[in-house]
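Chain by chain, the residues run as shown.
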Amino acid sequence: MSAFLSHTLFSVQCDSQQDQGFMEFTQQALQDLIEVGLVTEKQLLPADNGDEGMLLEVTRLGQASFKGPIDIKYSNQLYQDLCKAQEALVVENSLHMLYLVTPYDMVGSVRPNWMIYFRQLSQLKPIELKAAAIIGVPEGYIARKASGQRARKASVEEVVVSRFYLTLMIYSLMKQHSIWDVSEKFEVPRGFLQNLLSSAASFCACVMHFCEALEEMWPLRVLLESLVKSLSFCVTSELIPLMEVPGVKQGRARQLYKAGYKTLQDLAHAETETLVQNIQHMPRKVAYQIIAAAKVLISEKAESLLEEAEDLVAMPTDGVAGSVAVEADAMSMDGWSQDSQNLRWSQVSLKETPSQ
């Protein structure tokens, strides 16, 4: 380890500045990694000369933290929160998932206003209150804090309560409330909310990569994939396909959705004049560009799917004739119409063309 570190840029810089604390700093950093469980130290069998060596090995948690990347200060806490969520996760709404991706490093940046906290908590639905209780934020605790009474701290973690306060801000933004309304509701600057939302989107992507490195976290990884897009666009899931079109922002996506253009296919098959008539303040040039961009996106996705399909159904050319004969017998027995058979033969011939 010492021989390897002596060739790093950090070692060269310490030598040039005559800093003698290089090895002490390295040993302390390594000890910190071992204490938080990201690296393990194993003793090797004695060598021929009698010397005993130590083997340093990165743990699964360490690999996940590196892949995230997740700050080592929060990697253990994140893993515990994810494990707890898998035991009882409320998926009827996004509140519980949003709590899991609320950045840890922003918890201390705002102090909860208990009256606002209690007011917002009182407006939640029963299933949302259940998610809050599972997370560790009981309504009674917030009520006592809002009324000025002394609250028992034994069963409630202040960090969890403060973090969930930030989650409620993100949840309000995700429910299509304007940033001005949320700023006024929670009495925080708009700039803070924008920074919070941006940090949550970035941290959500990191948590998704963190879960990818841990096999037991595969259910959360699937849920986080869609949440990353929702946080990035800050819109509901049905608007995300429309916002993939270049030039279509949140307001325009809502207009298109209300007008009946709910998918990329709807946009690609639209007529320029019809789009101009159905959407207010839509210039003809912009309508043409949106339709063209939607067609390009569909074409790219179709090509990607065709490539995947070709990889899945790839087979040796000498088996094509036998498979065609078997398929002909099967179609005859199933009573396929002549038109359906002709269509199927055209598809088979198209598959044969590249190999020939």
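Keep in mind that what you see is a predicted model, and the values were worked out from it rather than measured.

What counts, and where the lines are drawn
- Every chain is numbered independently, its residues counted from 1 as its sequence is written.
- Where local features are concerned, this predicted model is filtered to residues with pLDDT of at least 70; where side-chain atom pairs are given and counted, the filter is 80 or more; whole-chain, interface and lining totals use all residues.
- Based on all heavy atoms of the structure, the side-chain values leave hydrogens and waters out of the count.
- Secondary structure elements follow DSSP: runs of H or I no shorter than four residues count as helices, runs of E no shorter than two count as strands, and numbering proceeds from the N terminus.
- In this scheme, a helix's expected span is set at 1.5 Å multiplied by one less than its residue total.
- For every residue, the accessible area obtained with a 1.4 Å probe (protein chains only) is divided by the maximum for its type, and the residue is called buried under 20%, exposed over 50%, and partly exposed between those limits.
- Arc definition: directions from the helix axis to the C-beta atoms.
- Any pair of residues with heavy atoms lying within 4.5 Å of one another is described as a contacting pair.
- Within 3.5 Å is the distance limit for a polar contact, defined as a pair of N or O atoms, with the added protein rule that one can donate a hydrogen and the other accept it, and that residues adjacent in sequence qualify only through two side-chain atoms.
- The rule for a salt bridge is simple: a side-chain nitrogen of Lys or Arg has to be within 4 Å of a carboxyl oxygen of Asp or Glu.
- In these notes, a set of buried Ala, Val, Leu, Ile, Met, Phe, Trp, Tyr and Cys residues joined through side-chain atoms within 4.5 Å is what counts as a nonpolar core.
- A patch consists of residues exposed above 30% relative accessible area that lack any salt bridge, with like charges linked at up to 9 Å and nonpolar side chains (Val, Leu, Ile, Met, Phe, Trp, Tyr) linked at up to 5 Å.
- Under the convention used here, a 1.4 Å probe and the Shrake-Rupley method define accessible areas, while residue burial counts only the protein chains that appear.
- Under the counting rule used here, the positive set is Lys and Arg, the negative set is Asp and Glu, and His together with the chain ends is not counted.
- A single reference atom marks each charge: NZ on Lys, CZ on Arg, CG on Asp, CD on Glu.
- Per-residue confidence from the predictor is reported as pLDDT, a score between 0 and 100.

**So, helix H3 (residues 22-35)**
Right, on to step 1. The terminal C-alpha atoms of H3, which comprises 14 residues, lie 20 Å apart, in line with the 20 Å expected from a rise of 1.5 Å per residue.
Right, on to step 2. Those residues of H3 not exposed but buried are Phe22, Thr26 and Leu30. Within H3, the buried residues cover an arc of 60° as seen down the axis, which keeps them to one side. Away from the buried face of H3 by more than 90 degrees, exposed residues Glu24, Phe25 and Glu35 are located.
Right, on to step 3. Packed against the buried residues of H3 are helix H1 (2-5), helix H2 (9-16) and strand E2 (54-58).
Right, on to step 4. Backbone geometry just after H3 places Gly37 at a positive phi near 85°.

**So, the side chain of Asp81**
Right, on to step 1. You can see Asp81 is positioned in helix H5 (residues 75-87).
Right, on to step 2. A distance of 3.2 Å separates polar atoms of two side chains, one belonging to Asp81 and the other to Arg163.
Right, on to step 3. Once residues within four sequence positions are removed from consideration, Asp81 is found in contact with Leu100, Tyr104 and Arg163.

**Brief notes about the pattern of salt bridges**
Right, on to step 1. Evaluated as defined, the whole model comprises six salt bridges.
Right, on to step 2. With its nearest N and O atoms 3.1 Å apart, the salt bridge here joins Lys301 to Glu244. Taken together, the residues span a long stretch of sequence, with Lys301 in helix H18 (residues 284-312) and Glu244 in the loop between helix H14 (240-243) and helix H15 (250-258) at a distance of 57 residues.
Right, on to step 3. Glu273 is the partner of Arg284 in a salt bridge, and the nearest nitrogen-oxygen pair spans 2.7 Å. Of the two residues, Arg284 sits in helix H18 while Glu273 sits in helix H17 (residues 272-278), which places them eleven residues apart along the sequence.
Right, on to step 4. In this structure Arg284 comes out as partly exposed when scored by relative accessible area, which is 47%.

**Regarding the environment of Thr167**
Right, on to step 1. Summarising the element assignment, Thr167 is placed in helix H10 (residues 158-174).
Right, on to step 2. For the pair Thr167 and Tyr99, spaced 68 residues apart in the sequence, the C-alpha separation amounts to 5.4 Å.
Right, on to step 3. Here Thr102 takes part through its side chain, which lies 2.8 Å from a polar atom of the side chain of Thr167.

**Digging into the nonpolar core**
Right, on to step 1. Residues Leu82, Tyr117, Phe164, Met169, Leu224 and Leu231 are the most contacted members of the largest nonpolar core, which totals 65 residues.
Right, on to step 2. Not counting residues up to four positions away in its chain, the partners in contact with Phe164 are Leu95, Tyr99, Tyr117, Leu121, Ala132, Ile135 and Val137.
Right, on to step 3. Counting 21 residues, the second-largest nonpolar core is a separate cluster that includes Leu239, Met243, Val245 and Ala268.

**Some details on a negative patch on the surface**
Right, on to step 1. Together, Glu300, Glu303, Glu307, Glu308, Glu310 and Asp311 make up a negatively charged patch on the protein surface.
Right, on to step 2. The exposure class of Glu300 is partly exposed, given its relative accessible area of 46%.

**Some words on the confidence of the model for the protein chain**
Note that predicted coordinates carrying low pLDDT should not be read in detail.
Right, on to step 1. Chain-level statistics for the protein chain give a pLDDT mean of 80 and a share of 81% at 70 or above.
Right, on to step 2. Residue range residues 330-337 is modelled with pLDDT below 50. Its contacts to residues more than four positions away, or to other chains, number six contacts.
Right, on to step 3. pLDDT under 50 marks residues 343-356. Its contacts with residues more than four places away, or in other chains, come to 13 contacts.

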